[in-house]
Amino acid sequence: MSATFDDIIDADERIEPRDDMPDAYRRTLIRQIAQHAHSEIIGMQPEGSWITRAPSLKRKAILLAKVQDEAGHGLYLYGAAETLGVSRDELLDALHDGRQRYSSIFNYPTPTWADMGAIGWLVDGAAIVNQVPLCRCSYGPYARAMVRICKEESFHQRQGYELLYTLAHGTPAQKRMAQEAVDRWWWPSLMMFGPPDGESTHSAQSMAWKIKRHSNDELRQRFIDMAVPQAEILGLTLPDPDLRWNPGRGHYDHGEIDWSEFKRVLAGDGPMNAQRMAHRRRAHEDGAWVRAAASAYAAREEGA
Ligand code: FAQ
């Protein structure tokens, strides 16, 4: 007799696309994986706008490669979601008409070159902390996509750190620019981990199903503990006067996160929400001829 869904979860093995699974498990995965995929492709925008303005050929090549990786991550993730019985078209429609979300973090502006460093260090850094446990997610295709994505995110994080380090050890104006970018991205990057555990509607069920392995607050704390010593090496200050080591807890204590800002951004009222969505819809419409040409080519090859 084949193993049931519960047997597979209890044995810490992987659920594969053809296995029986509860509808709610399927729906939760579609929601999370689609949201993750949408974040990758919307996440190309804040950095994409700097490709033409990178300060050197080397920096331009690195940034171009990073943004291309993000498109690739979107593709692996849409592919993983498709194994659950939804099409990429349906998912993109749900993004474009607001039925599905993308990460709050991509609704903030990137006014200076130093924002490229802060995104790499903090946003990719937070993404890694959140995603490494997803390599052990109970759904096989998502877990496997995460392995490759995490390797690439590590490179992204290193390049951001190195970029910020260079600025922080440059002229006083460059150091100021690096500090201001860190001031802009620190709090929004803490919000990437989702609402506090008490308000996280999906965590308990997702942890029981071994989709999530740790709570939002646990991962947020892990990220803070990692970032504080890195900021010291950079010579930059994290914009939270309440950050201090708590020997009793073995962690850094931190100040209050402004959850009203998080809620505003999720409700569509962040600094860049309207612009990000308008750009995404325009890019989709502009790409219609490519999709039509690819379908026509595939149909011709099939008929040949
Ligand atoms: N933004 O019950 P929970 C990247 C929503 S990294 C927007 O705690 P869950 C790499 C949530 O959907 C960024 N919405 O939810 C990159 C739910 O809404 P609903 C992407 C958020 O799912 C770097 C409600 O709040 N990474 O792209 C956010 O158990 C640089 C209640 O929340 C992933 O998506 C948020 N931050 O836990 C690319 C990782 N947080 O559906 C380019 C995979 C929560 O009830 C450049 N996802 N919400 O209306 C996850 O690990 C989880 O989905 C969490 C949220 C942890 C994000």
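Residues numbered from 1 in each chain as written. Predicted model: local features only at pLDDT ≥ 70, side-chain atom pairs only at ≥ 80, totals over all residues. Heavy atoms only, no water.

Trainee: Go over the packing of helix α2 (residues 23–42) against helix α4 (residues 57–82) with me, naming the residues and quoting the values.
Mentor: At a closest axis distance of 8 Å, the pairing of α2 and α4 adopts a crossing angle of 160 degrees. By the angle class used here, α2 and α4 are roughly antiparallel. Considering the relative orientation of α2 and α4, their crossing is left-handed. For the pair α2 and α4, contact is made by Ile 33, His 36, Ala 37, His 38, Glu 40 and Ile 41 and by Glu 70, His 73, Gly 74, Leu 77, Tyr 78, Ala 80 and Ala 81, respectively. Split by residue class, the contact of α2 with α4 holds 7 nonpolar, 4 polar and 2 charged. (Axes fitted to C-alpha atoms, helices over the stretch in contact; angles between N-to-C directions. Helix = DSSP H or I, 4+ residues; strand = E, 2+ residues; numbered from the N terminus. Parallel < 35°, antiparallel > 145°, perpendicular 65-115°, else oblique. Left-handed = near helix turned anticlockwise from the far one by under 90°. Contact = heavy atoms within 4.5 Å. Nonpolar A, V, L, I, M, F, W, Y, C, P; charged D, E, K, R; others polar.)

Trainee: So what's going on with the environment of Tyr 78? Residues and values would help.
Mentor: You can see Tyr 78 is positioned in helix α4. Taking the C-alpha atoms as reference, Tyr 78 lies 24 Å from Ser 49; in sequence the two are 29 residues apart. With near-sequence residues (within four places) excluded, Tyr 78 lies in contact with Ala 37, His 38, Ile 41, Arg 88, Leu 91 and Leu 92. Among the polar contacts made by the side chain of Tyr 78, one reaches the side chain of His 38 at a distance of 2.6 Å. (Polar contact = N/O pair within 3.5 Å; in protein donor to acceptor, adjacent residues only side chain to side chain.)

Trainee: Explain the packing of helix α6 (residues 114–131) against helix α10 (residues 216–234) residue by residue, including any values.
Mentor: The packing of two helices is summarised by the inter-axis angle and the distance between the axes. For the pair α6 and α10, interaxial distance at closest approach is 10 Å and the crossing angle is 145 degrees. When the axes of α6 and α10 are compared, the crossing they make is right-handed. Where α6 abuts α10, its residues Trp 121, Leu 122, Gly 125, Ala 126, Val 129 and Asn 130 lie against Leu 219, Arg 222, Phe 223, Met 226, Ala 227, Gln 230, Ala 231 and Leu 234. Tallied by class, the residues present in the contact of α6 with α10 amount to 10 nonpolar, 3 polar and 1 charged.

Trainee: Before we move on, can you summarise the nonpolar core with the specific residues and values?
Mentor: For soluble globular proteins, nonpolar side chains are generally found buried alongside one another. Of all hydrophobic cores here, the largest spans 80 residues; its most connected members are Tyr 25, Leu 29, Ile 33, Trp 121, Tyr 139, Tyr 142 and Trp 186. Discounting chain neighbours no more than four positions away, the residues touching Tyr 25 are Phe 5, Ile 15, Ser 138, Tyr 139, Trp 209 and Ile 211. (Core = buried A, V, L, I, M, F, W, Y, C linked by side-chain atoms within 4.5 Å. Buried < 20%, exposed > 50% of the residue type's maximum accessible area, 1.4 Å probe, protein only.)

Trainee: Tell me about a negative patch on the surface, and please be specific about residues and values.
Mentor: The grouping of Glu 82, Asp 89, Glu 90 and Asp 93 at the surface amounts to a negative patch. No other element matches helix α5 (residues 88–96), which puts 3 residues into the negative patch. Examined against the element boundaries, Glu 82 turns out to sit in helix α4. (Patch = residues over 30% accessible without salt bridge, like charges linked within 9 Å, V, L, I, M, F, W, Y side chains within 5 Å. Areas by Shrake-Rupley, 256 points an atom, 1.4 Å probe, with all protein chains shown as cover. Salt bridge = Lys/Arg side-chain N within 4 Å of Asp/Glu carboxyl O. Lys, Arg positive; Asp, Glu negative; His and termini not counted. Charge placed at Lys NZ, Arg CZ, Asp CG, Glu CD.)

Trainee: Hey, could you go over the site of the ligand for me, with residue numbers and the actual values?
Mentor: For the ligand, the set of nearby residues contains 35 residues, the closest of which are Ser 104, Ser 200, His 202, Lys 212 and Asn 216. Between Arg 101 and the ligand, the recorded distance is 3.0 Å, taken from a side-chain N or O atom to an oxygen atom. Within the complex, 91% of the 1100 Å² of free accessible area of the ligand lies under protein. Of all elements in the fold, only α2, α4, α6, α7 (140–168) and α11 (259–266) reach the threshold of two or more residues within the shell around the ligand. Counting residues per element, the shell around the ligand draws most heavily on α2, at 6 residues. Considered class by class, the residues forming the shell around the ligand number 12 nonpolar, 14 polar and 9 charged. (Near = heavy atom within 4 Å.)

Trainee: I'd like a description of the side chain of Glu 153, backed by residues and values.
Mentor: Here Glu 153 lies in helix α7. Here Glu 153 occupies a buried position and makes no salt bridge, while the nearest side chain of opposite charge, Lys 66, is found at 5.7 Å.

Trainee: An account of the packing of aromatic side chains is needed here, citing residue identities and associated values.
Mentor: Taken as a whole and assessed by the stated rule, the structure comprises 9 aromatic pairs. Among the aromatic residues, those joined into a ring-pair cluster are Phe 5, Tyr 25 and Trp 209. (Phe/Tyr/Trp six-rings, centres within 6.5 Å; stacked < 30°, edge-to-face > 60°.)

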